[in-house]
Amino acid sequence: MTEVWFYQLQRRRLEQVLPNLVERVLQRGWRAVIQAATPERLATLDDLLWTYAEDSFLPHGGGKNGDPEMQPVWLTLGDDNPNDAQTRFLLEGVEATHFVDHGYQRLIILFDGRDEDFLQAARVQWKKLRQINATLAYWAETDEGGWQKQA
């Protein structure tokens, strides 16, 4: 069954956290789909994955560029998984319930815990996913900049 991991951002922004989490997925030999809610966020992520570090980048593509079969990371606004990803990142309140039975190893929900709307949306998703007996985990940021499993 698909694992669903919630990551609550408390200290850092999405742009500071996402590249490292995507790197971890790729290190496992998995592929990833990153689903945003807006075209503006998708464009920001496209730029970010090329430039987040001086000595590294994350190869990726999206609907406007790149052959999905050749891309370890795919950026999308829709429900597609053209690169056969094992992990799906869901940003900005994108609903996860729909993806539980779609063959993913892991769904990762990233949300800003400082934003009441995103916090409430994450709580609603957690409850919905618990009702369908999804395997859930909740990760909170540590003071040192890492992650600690809370539930």
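Quantities reported herein were computed from a predicted structural model and do not represent experimental measurements.

**Student:** Tell me about the overall build of the protein chain, and please be specific about residues and values.
**Tutor:** For the protein chain, the helix and strand inventory stands at three helices and eight strands. For the protein chain, the α and β elements follow one another from N to C terminus as β-α-β-α-β-β-β-β-α-β-β. Against the 2.2 N^0.38 benchmark of 15 Å for 151 residues, the protein chain shows a C-alpha radius of gyration of 15 Å, consistent with a compact globule. Counting only residues that meet the buried cut, the protein chain has 42% of its 151 residues in that class. Contacts in the protein chain between residues at least 24 apart in sequence constitute 63% of all its contacts with a sequence separation of at least 6. Once the 16 positive and 23 negative side-chain charges of the protein chain are each reduced to a mean point, those two points are 7 Å apart.

**Student:** Can you break down the nonpolar core residue by residue, with the values?
**Tutor:** A general feature of soluble globular proteins is that nonpolar side chains tend to end up buried together. Tyr7, Leu18, Ile34, Leu45, Phe89 and Leu110 are the most contacted members of the largest nonpolar core, which has 27 residues in total. Those elements that provide at least two residues to this core are strand 1 (3–9), helix 1 (14–27), strand 2 (32–35), helix 2 (39–51), strand 4 (73–76), strand 5 (87–91), strand 6 (106–112) and strand 7 (135–141).

**Student:** Go over the sheet that holds strand 6 with me, naming the residues and quoting the values.
**Tutor:** With mixed pairing, eight strands are arranged side by side in an open sheet as 3-4-2-5-6-1-7-8. In this open sheet, the two edge strands, each paired with only one partner strand, are strand 3 (61–62) and strand 8 (147–149). Pairing of strand 3 with strand 4 involves two bridges; the strand directions are parallel. Its bridge partner being in strand 4, Gly61 is matched across the sheet by Trp74. Sheet strands touched by helix 2: strand 2, strand 4 and strand 5. Its angle to strand 4, the strand with the most contacts, is close to 160 degrees. Packing against the sheet, helix 3 (residues 116–131) makes contact with strand 1, strand 6 and strand 7, and its axis sits at approximately 150 degrees to strand 6.

**Student:** Help me get a handle on the environment of Ala37, residues and values and all.
**Tutor:** Within the secondary structure layout, Ala37 lies in the loop between strand 2 and helix 2. The exposure class assigned to Ala37 is partly exposed, which follows from its relative accessible area of 43%. Spatially, the C-alpha atom of Ala37 lies 9.9 Å from that of Glu95, the residues being 58 residues apart in sequence. When residues no more than four places from it in sequence are discounted, the contact partners of Ala37 are Leu77, Leu91, Glu92 and Val94.

Criteria and cut-off values
- Once a new chain begins, its residue numbering starts again from 1 and follows that chain's sequence as written.
- Selection of residues for local features in this predicted model requires a pLDDT of at least 70, selection of side-chain atom pairs for listing and counting requires 80 or more, and totals for whole chains, interfaces and linings are taken over all residues.
- Hydrogens and waters are ignored; side-chain quantities use all the structure's heavy atoms.
- The helix count covers DSSP runs of H or I at least four residues long, the strand count covers runs of E at least two residues long, and both are numbered beginning at the N terminus.
- Note on method: radius of gyration uses C-alpha positions; expected globular size equals 2.2 Å times residues raised to 0.38.
- Remark: exposure states derive from per-residue accessible area (1.4 Å probe, protein chains only) relative to the maximum for the residue type, with buried under 20%, exposed over 50%, and partly exposed in between.
- Throughout, a contact is declared for two residues whenever any of their heavy atoms are within 4.5 Å.
- Think of it this way: Lys and Arg go in the positive column, Asp and Glu in the negative one, and His and the chain ends go nowhere.
- By convention, the point assigned to a charge is CZ for Arg, NZ for Lys, CD for Glu and CG for Asp.
- To form a nonpolar core, buried Ala, Val, Leu, Ile, Met, Phe, Trp, Tyr and Cys residues must be joined to one another through side-chain atoms within 4.5 Å.
- Strands qualify as paired when DSSP identifies two bridges or more between them.
- Under this scheme, a helix contributes an axis fitted over its contacting stretch, all axes are lines through C-alpha atoms, and angles between N-to-C directions fall in the 0 to 180 degree range.

That's the geometry; what it means functionally is another story.
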